[in-house]
Structure formats: structure tokens, C-alpha cells
Amino acid sequence: MNNKTKKLTTIGMLCAVTYVVMLVGRVPIVLFLSYDPKDIVITIGGFIFGPLVSFFIALLVAIVEMLTVSGTGIIGCIMNVISSCSFACTAAFIYKKRHNLSGAVIGLLSGCGFMLIVMLLWNYLITPIYMGYPREAVAELLLPAFLPFNLIKGGLNAAFTMLLYKPVVTALRRSHLVEGEPSTGKAKINIGVILVSLLVIATCVLFVLSIKEII
């Protein structure tokens, strides 16, 4: 396979995995808001190939989701694309400019912050239209529901991306689907990254449990 064919094959695989984890990984968090891990795969795709690939995967999977399992129509599809891209494209753009561990961390944190701002604004403007809720009711849910949900979502996305990116890239390189030399010796394990990522995941899980107790 030439490089273009390898890239298209890998992107197609990432699209398929994104759709599958969206189907099987959905977890209710608060009210009608559910978390699914598709943004992790979308972000990894962007880390490998750049932010435009993150956008392509997010758009394609959102359209397929709308046509198969979603009941929220075109507005829900647009919201999915905006949510995924605000996180994944931001993180991938910064990582592309600063291709190292600190760039990945800064990118993921920036993605979390940008997604939080965008989705609070977007939910305030659009949720009353497609969910049929009064705008005042949605405004009252911004801090107790939408804010913690997006914090949890961003934290889980960032932590799992940090844990999975290197193993995924290594596997793709060994399969000759991604350019670069596969590791020949023992892979260097960044214990700090693993511990911080696990701490963030544990914190998010506890946060979810506490929210369910309160609401």
C-alpha cells in the first residue's frame, strides 16, 4: 500500500471504531446528558494526522449516528460535531504545533476549556429549540448540570487520550499503517502521565457518583 492508501485505511478504521464506541460506551451522567468515549478516538486521529482529520471523523460519525440511532435530528448532529471538534480539533491543532508531551497536555487542557465554553453557550442557545424546554429552565441547568457534565466529559476525554495515544500509535506503526519507526526495545513508560491520568479518571467517576446522589 502507498502512503495515501494507508492513511485512508487508517482513517476509515478510526471512523468505524468511533462509531462502535459511541454505540456501546454510552453512560448516563445527569438528566438527559450521556457520556460516550468517541471523542477519545477522534482526538487520537487528530494527534496522528492533524485537526482536519478530527473534523472529518467527527462529521462523518455524527451524520451516520443521526441516520441510524439518534433521535435528535440535524440539530443534534450539529451539536455532536461542535462538541467533538471544539475538544478534539483544538487539542490536535496545538499538538501539531508543539509535537511533544507538553504540547499534548496543553492541547488537551485547551480542548477541555474551549469545549466547556462553547457547549455552555450552545446549550443555552439551542437546547430550548430542539428539546422544547423554556430558555429560563435551561439557564437554571447550566451550572448544576451542563457545567459539571462537560467538566467530566473533558476530563475523561483528556485522561484516556493520554493513556491510549502512545499504545495506539505504536500498534499502527508496527502494522505499517502510520509512518514512523516502531519501537524496537522496551517502550518508555511515563509513570507520571499514567498516574495523573488515572487520578483524573478516578476524580471524574467520583464526581459522577456525587452528582447522581445530589440530583
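So, how was this worked out
Residues numbered from 1 in each chain as written. Predicted model: local features only at pLDDT ≥ 70, side-chain atom pairs only at ≥ 80, totals over all residues. Heavy atoms only, no water. Helix = DSSP H or I, 4+ residues; strand = E, 2+ residues; numbered from the N terminus. Contact = heavy atoms within 4.5 Å. Expected span 1.5 Å × (residues − 1). Buried < 20%, exposed > 50% of the residue type's maximum accessible area, 1.4 Å probe, protein only. Arc of directions from axis to C-beta. Phe/Tyr/Trp six-rings, centres within 6.5 Å; stacked < 30°, edge-to-face > 60°. Lys NZ or Arg CZ within 6 Å of the ring centre and 35° of its normal. Pairing = 2+ DSSP bridges. Salt bridge = Lys/Arg side-chain N within 4 Å of Asp/Glu carboxyl O.

As for the environment of proline 37
Next, step 1: Within the secondary structure, proline 37 sits in the loop between strand E2 (33–35) and helix H2 (38–49).
Next, step 2: The spatial distance from the C-alpha of proline 37 to the C-alpha of valine 21 is 6.2 Å, given a sequence separation of 16 residues.
Next, step 3: Look past the residues within four positions of proline 37 in its chain and what remains in contact with it is Val21 and Gly25.

What about helix H3 (residues 51–68)?
Next, step 1: Given a rise of 1.5 Å per residue, 18 residues ought to cover 26 Å, and the 26 Å separating the end C-alpha atoms of H3 matches this to within 8%.
Next, step 2: Restricting attention to buried positions, one finds in H3 the residues Pro51, Val53, Ser54, Ile57, Ala58, Val61, Ala62 and Glu65. Down the axis, H3 shows its buried residues gathered within 160 degrees of arc, on one side only. Within H3, the exposed residues directed more than 90 degrees away from the buried face are Leu52 and Leu67.
Next, step 3: Residues of H3 that are buried make contact with helix H1 (3–24), H2 and helix H4 (73–97).

Here we look at the packing of aromatic side chains
Next, step 1: A complete count under the given rule lists 4 aromatic pairs for this structure.
Next, step 2: Ring geometry for phenylalanine 32 versus phenylalanine 146: centroids 6.1 Å apart, planes at 65 degrees, classification edge-to-face. With phenylalanine 32 in the loop between strand E1 (27–30) and E2 and phenylalanine 146 in helix H6 (residues 135–174), this residue pair connects regions lying 114 residues apart in the sequence.
Next, step 3: The class for phenylalanine 146 is buried, based on a relative accessible area of 1%.
Next, step 4: Aromatic pair tyrosine 95 and tyrosine 165: ring centres 5.7 Å apart, planes at 85 degrees, arrangement edge-to-face. Taken together, the residues tyrosine 95 in helix H4 and tyrosine 165 in helix H6 connect sequence positions 70 residues apart.
Next, step 5: A relative accessible area of 6% means that tyrosine 95 is categorised as buried.
Next, step 6: A connected cluster of aromatic rings, assembled from ring pairs, spans Phe47, Tyr95 and Tyr165.
Next, step 7: The aromatic ring of tyrosine 124 is capped on one face by arginine 135, whose charged end is 5.4 Å from the ring centroid.

Thoughts on the pairing of E1
Next, step 1: Pairing of E1 with E2, which is carried by 3 bridges, proceeds in the antiparallel orientation. If you follow valine 30 over to E2, its bridge partner there is leucine 33.
Next, step 2: Connecting E1 to the antiparallel partner E2 that follows it, the hairpin turn spans 2 residues, and leucine 31 within it adopts a positive phi of roughly 55 degrees.

Concerning the pattern of salt bridges
Next, step 1: Applying the stated criterion across every chain, the model contains 4 salt bridges.
Next, step 2: In this structure, aspartate 36 engages arginine 26 in a salt bridge whose closest nitrogen and oxygen atoms are separated by 3.8 Å. Of this pair, aspartate 36 sits in the loop between E2 and H2 while arginine 26 sits in the loop between H1 and E1; the two residues are 10 residues apart in sequence, bridging distant segments of the chain.
Next, step 3: Relative accessible area serves as the criterion here: at 7%, aspartate 36 is assigned to the buried category.
Next, step 4: Arginine 26 is the partner of glutamate 65 in a salt bridge, and the nearest nitrogen-oxygen pair spans 3.1 Å. Of this pair, glutamate 65 sits in helix H3 while arginine 26 is found in the loop between H1 and E1, placing the two residues 39 residues apart along the sequence.
Next, step 5: Residue glutamate 65 is classed as buried on the basis of its relative accessible area, which comes to 4%.
Next, step 6: Taking the relative accessible area as the measure of exposure, arginine 26 reaches 39% and is therefore partly exposed.
Next, step 7: One salt-bridge network, in which partners are shared between bridges, spans Arg26, Asp36, Lys38 and Glu65.

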